[in-house]
Structure formats: structure tokens, C-alpha cells
Amino acid sequence: MTPSPPTSSTGIRFGTAYYWEYQQSPDLERDLDLMARARIDTIRVGESVWSTWEPRDGEFDLGWLTPVLDGAHERGMKVLLGTPTYAVPPWLQRKHPELAVVRAGGHRIPWGARQEVDFTSPTFLRYAERVIRQVAGHHGGHPAVLGIQLDNEPGLHLIHNEPVFERFRSWLAERYGDVGRLNEEWGLAYWSHRLTCWDELWRPDGNTTPSYDLAWRRFQAELTTEFIAWQAALVRELVPEDRELTTCLAYQRPALHDAELSKHLTVTSGNAYYLPQDALARDSPVEITWFATDPAGLLQAADRMYASRGQRFWVTETNAGSIAGSQLNLPPYDGQLRQAAWALVARGAEMISYWHWHTLPYGAETYWGGILGHAMRPGRVYDEVAALGAELEQAAGDVTGLTPDADAGFLYSHESKWALTFQPPLTLDGRNPDRDSYERVLATFYRGAVDAGLQVAFVSQVKRLPVLVAPALYCLTDELALELEDYVRGGGHLIMTFRTGYADEEARARAEVAPGPLRALAGVRYLEYSTLLEPVPLHGLGKRDAARHWADGLELEGAEPLARYDHHHFGRWPAITRHRVGAGTVTYVGTLPGRELTAELFRRQRPAGLVTAESPQVTLHSAVNARGERLWFAHNWSDRESTVTLTARATEVTGHREPLPPGPLRLAPFDVRVVK
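### Some words on the packing of aromatic side chains
The relation between two aromatic rings is expressed through the spacing of the ring centres and the mutual angle of the planes.
Here is step 1: Using the criterion set out here, one finds 41 aromatic pairs in the structure.
Here is step 2: Measuring from ring centre to ring centre gives 6.1 Å for Tyr19 and Trp355, while their planes differ by 50°; the resulting arrangement is tilted. Pair noted here: Tyr19 is in the loop between strand S1 (13-17) and helix H1 (28-37) and Trp355 is in strand S9 (residues 349-355), with a separation of 336 residues, a long-range link.
Here is step 3: Assessed through its relative accessible area of 1%, Tyr19 is described here as buried.

Set out below in C-alpha cells:
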């Protein structure tokens, strides 16, 4: 008997990636029935199988997906249909080996993985358009189709193919006008790099000029945006107007500017992977990788997705079981799937979709766990997903249209990230550059804000939030510096870190006393700085901590010291200062402080709310729904029971939906409770 269809007109879409074509013994009806019982209402299909859609050049097989679409429609499910352009078929790479991506150094990426081709090539685009027209044209109008996913996780490679380099040279000529200006802007008198004509521009493979590298990264991100925009315009011709357009973003991609790319979508989608079990606890160290290693990392991923368009988003991939390959088998503890889902919902997710339905018996992701394991039988993970699906369905009216609250804004700068990848300030081993320096500084302060109980929004321009953080904002324009000053004078609290304001928009170190245009605003100056090869004791704000990796030699020019180094040399300088300007304040942090002191910088800004918590293992987040009601999400990330305090009467959204009096509210281990 077919289960009754799940409701999905309101609330949160609940989904999974479903690859019927991968299965050796497919049982479509059984799979879809199991999904329906779990209240899964959205499936994602088709994005990875160009060779199935077009097994031979110009020969298409499109009907194999029809039973999946029909079966989903019968059960009230919707389908996200992918264009298969990120995984090319063998016949195409054999016919056109020149399409292989060329890396720095001239080596071609061998075929055998995915995204190995130069997607800017007119030859590739001709084949891509053909398959897109076939797939989207044939299936895009099916009543089950919710939208089209354009490509998948774009921006994986910096493409060094000769035609791309020629385009880059033209791009520079259009941007700068003549080589004389380029010589001046980039300082090309250095090491005899001065050009007399555009043909003399050297390839990026051996480049050592920071401004060149920043331009190259900007250009590569534009290529990625251009490719997705091209697909969006093509697909829009082929499908009904009400179909959503999206792509699944992996935010760590080197050739990606998510905000610019998302302008060509109707909804932002992305990955929200995390390492579960003990890693999903508040005391995990900051680790910069493609998956989160603590709750703050998971929340940060969600906040980045919300910021891409400044609106609610879809999580098209998140853990169902183990991630990261055969060597790291960490299925989530009981309750952690539910915790992660509700955390993403709290920060604006309109869809939670698991990758994937069934664990594959072959291929590169053999041990990337799905909702069903290799045995294809429902187990503990399926049961938890089904319970979560029922809970989300029950709460649909309350969680429709959620807009997350924010107490602190973090200025995110792609240009600063790219520039500090090329010339990183940090080293983790005392010798080699930490190419993740920008993300490490950002993550340290983001977690400090979360530890202090603040909610974060990433912004690309100054917004009037109570706190604004400029983490390693290296490439600072004069215009943005003036906006920061207006923000502070108007009553805002600006927190800036080392390397903020040190360079201009061309990644040129400013020839002025640091922090350059922010010097008067910060009330400090510095003429020297140092790498810290070992942690240095630090005290201030009632905390003893340690400074790590970096120290600006701050000299006071109106600011007051908040923390100092305990050191025979660095002790002459404050590590953290505060300066009152107009109605606002500026906190300057000249090092990378430890966790306690970082949180203390934000703690005085914590707002009052319906729910309060004191345990470091508990996070609180709030959001306003479409009815104007504020919901509070209380997470206990530990294996120990905890409590929060309700400051007024409330109603529970999860569980029994019962009225709750003011006072303690129990949180079981790995629990989340939602109240309004």
C-alpha cells in the first residue's frame, strides 16, 4: 500500500539525493515508499550521469528517469533535476582530449574523476548545450520537477589552458586600459617585470606578483559565474517559469565568488557537511577543511549560505552517515542528525536534503554513508531520519518563512581571502605558510561570537548591526574605510583584527603607518609586527589566555589597552585595545587570541531573550517566522544533560507542543528543543 503523500506546501522541504540508475538491483517502488514513510518530499536526480543520458555521441537515452518522476509525483514528492555538465562521458574526453584542464605547470588533469574539462571552451559548451537541451527540455516540464540544479559544486580548478590565459590578457586590457597603468598599479618595475605591450604578460604559472595573483583569482571566479549564468539563461528557455534555478555550492572552491554567482539563481543551495560524534561538540579545535568540526563550523556554513543572496537557502547535501572516505567511519550519535537539521533550519534553511539515499557498492564514494547502508535495509539512521521528517512536518506552520536573527555582522571579503592565500600571515609549523590564514582568523572570531551567545550574519557591506567584525580585511578600499568610520560614530561596535586595512584593493601594502586609513578610528598604530612561533601568555578582561601565531606592535594613540602579553619583548605592547569614537567603540585585536579571551570580546554584547543558557555546551538561536512569531532553538551538543531557562511563558514547537512555564527547561544529551 502506498503511504499517504507528505505535505510540502509549507515548512521545510525534506529530501535526499536519489540515484536509481546507480543501483545494481533497483527497486524503485520500495525506495519511494520508504522515502514517503520518512516524510521525504523532495529528491535530487540526474546531475552526475551524462554518460547515461548520452551513452554515445549524439545518441540520447532520456526515458529511464520517467518512472522516477512519475513515481515521485504519485506520492506528492517534488524533484530537483540536475544538468550533468560536471561529469563528462568517456567518449567526449576521448574525442576532445584538448578539453582537459591544464594546471599550473602545464600538466593536464587526467580523466577519471570529475570536473576535468575546461568549461569555457566553445567546443565543450556546444556539447553541454546539446545535453542540457535534451534533459531539461524533455523532463523540465514534468509536474514533479521543482527546479533545475545547474552543474554541481562549480569552481573546483583554476584553469590554465592557453585560450583561458588569452582571455585573461584581454580581460586585463579591458580593465586597465593600457600596460602603463598596469605597470603602475602592480609595481612592475620590481624584478624587471615592466611591460611594453600586452603580449609580454607572463603566464600565471610562475607568477610572484601579488596584484597579478589577485586579478587571476578574480578572473577565474568570473569564469565560474559566467558558466552558471549561461546555463541559467539556457534552462530558463526550456522549463516553465515557476521552476527554481539553483546549483549546489561547495564554498571552499578556489574559483568561486558565491554572492556574484548566486545573482543568477532563484535560490542558493550548498553543502553543509560536518564531522559527527565527538567532533560535533563545543570543545573541538578549529580545523579548516571542507567539513565542519564543531557546532560553530556547522552554523558558519549555514550563515555563509544565507549571505549568498541574503535570503533563505537550500541545503542540497548534508550527512546521512559517515563522510570523508573509507578511513574515517563516524556515523552520527543518536540525536545528532536531528541536532544538525534544526541548527540549519534555525539559520534559514528551507530544505534539508541528505547525500544520499543509498550507500554505493562501488565508485569513489563507496564508504560515504547514505540513509540506507550497503545492505539497502532501513536501520538506525533511517529511523532517525523518519522521526525527524515527522517532526518537521508537525512544525510546518511554525517554521515557514523563518528569517534568522543576527547580533553581529562579519564582513566577508573574497579579495582578502584570495590575497592572503597568496601571501598568508600565519604559519602552523613555524616555517611553511598557512594558506588557510584568512579562514582561520575568521573561524576563530566566529566561534568566539557563538561561544558568547551571539548570532552571526555574514555581510559584504557595512550594516547597522550591534557588532561588526572585520576579520583579516586585508584588501580594504578607502570607501569602505569611510563606511566603517560612519558605522562606529553612529554607535556601532567594530572589532578589527591584525592585517585589516594593511593593503588596498590591488593587494598592495599601503605605504603609510598601519592600520592605514583605519589608524585614527582604531586609536592605535604599529610600525612592526612579528610571527609568534610559540604561544605567548596573555592576560586581560579577567581572563588568562595565550596569543598565537601573530603579534602587532601596537602603540596607543587614544585607545586603552584591554589585554597584554606576558613576555620580555612583546610585553611592551598591548595585544588588544579599545577606542571610543563618537557614539561607538573600536576593538583592535593584534593577535590570534585563545578561545576564552575571544569569547570575552563579544560577551558584553549578548542580548537578552526568551531563553538563557550558561552551559558552554549549549547554543541558542532565534528566528522570526512568516507569522511574525519569534522561535528559539536550544541545542545541547554534549553527552551530558543540561538545562536552559525560560524567562517567560512559551509554547514548544517540537515534541508535545505543550505550554511551558517560566523556569528551567531540560535538554537531554544531544537534544534540541524549539519554543516560541
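### Observations concerning the confidence of the model for the protein chain
Here is step 1: Taken as a whole, the protein chain shows an average pLDDT of 95; of its residues, 99% reach a score of 70 or greater.
Here is step 2: Scored below 50 in pLDDT, residues 1-8 makes 21 contacts in the model with residues more than four places away or belonging to other chains.

### As for helix H11 (residues 336-346)
Here is step 1: Taken across its eleven residues, H11 has ten buried, putting it largely inside the fold.
Here is step 2: Burial in H11 covers these residues: Gln336, Leu337, Gln339, Ala340, Ala341, Trp342, Ala343, Leu344, Val345 and Ala346.
Here is step 3: Once H11 finishes, Gly348 follows within two positions and takes phi at roughly 110°, a positive value.

### Thoughts on the pattern of salt bridges
Here is step 1: Inspection of every chain in the model, using the stated rule, returns 54 salt bridges.
Here is step 2: Here Arg114 and Glu153 are joined by a salt bridge, their closest N and O atoms 3.0 Å apart. With Arg114 in the loop between helix H4 (90-95) and helix H5 (122-139) and Glu153 in the loop between strand S4 (145-149) and helix H6 (162-176), this residue pair connects regions lying 39 residues apart in the sequence.
Here is step 3: Taking relative accessible area as the criterion, Arg114 reaches 29% and is therefore assigned partly exposed.
Here is step 4: On the basis of relative accessibility, which here comes to 6%, the residue Glu153 falls in the buried class.
Here is step 5: Where Glu260 meets Lys263, a salt bridge forms, and the shortest distance between an N and an O atom there is 3.0 Å.
Here is step 6: Residue Glu260 is classed as partly exposed on the basis of its relative accessible area, which comes to 35%.

### Structural notes on the sheet that holds strand S3 (residues 78-82)
Here is step 1: The nine strands lie next to each other as S5-S4-S3-S2-S1-S9-S8-S7-S6, forming an open sheet whose pairing is parallel. Both outer strands of the open sheet, strand S5 (244-246) and strand S6 (248-249), are each paired with one neighbouring strand and no more.

### Points about the packing of helix H8 (residues 210-238) against helix H14 (residues 414-422)
Here is step 1: Contact pair H8 / H14: the axes reach a minimum separation of 9 Å and the direction vectors enclose 130°. The angle between H8 and H14 falls in the class oblique. Relative to H14, H8 is oriented so that their crossing is right-handed. Every residue of H14 that contacts H8 at Pro210, Asp213, Leu214, Arg217, Arg218 and Ala221 is listed here: Glu415, Trp418, Ala419, Thr421 and Phe422.

Analysis parameters
- Residues numbered from 1 in each chain as written.
- Predicted model: local features only at pLDDT ≥ 70, side-chain atom pairs only at ≥ 80, totals over all residues.
- Heavy atoms only, no water.
- Phe/Tyr/Trp six-rings, centres within 6.5 Å; stacked < 30°, edge-to-face > 60°.
- Helix = DSSP H or I, 4+ residues; strand = E, 2+ residues; numbered from the N terminus.
- Buried < 20%, exposed > 50% of the residue type's maximum accessible area, 1.4 Å probe, protein only.
- pLDDT = per-residue confidence, 0-100.
- Contact = heavy atoms within 4.5 Å.
- Salt bridge = Lys/Arg side-chain N within 4 Å of Asp/Glu carboxyl O.
- Pairing = 2+ DSSP bridges.
- Axes fitted to C-alpha atoms, helices over the stretch in contact; angles between N-to-C directions.
- Parallel < 35°, antiparallel > 145°, perpendicular 65-115°, else oblique.
- Left-handed = near helix turned anticlockwise from the far one by under 90°.

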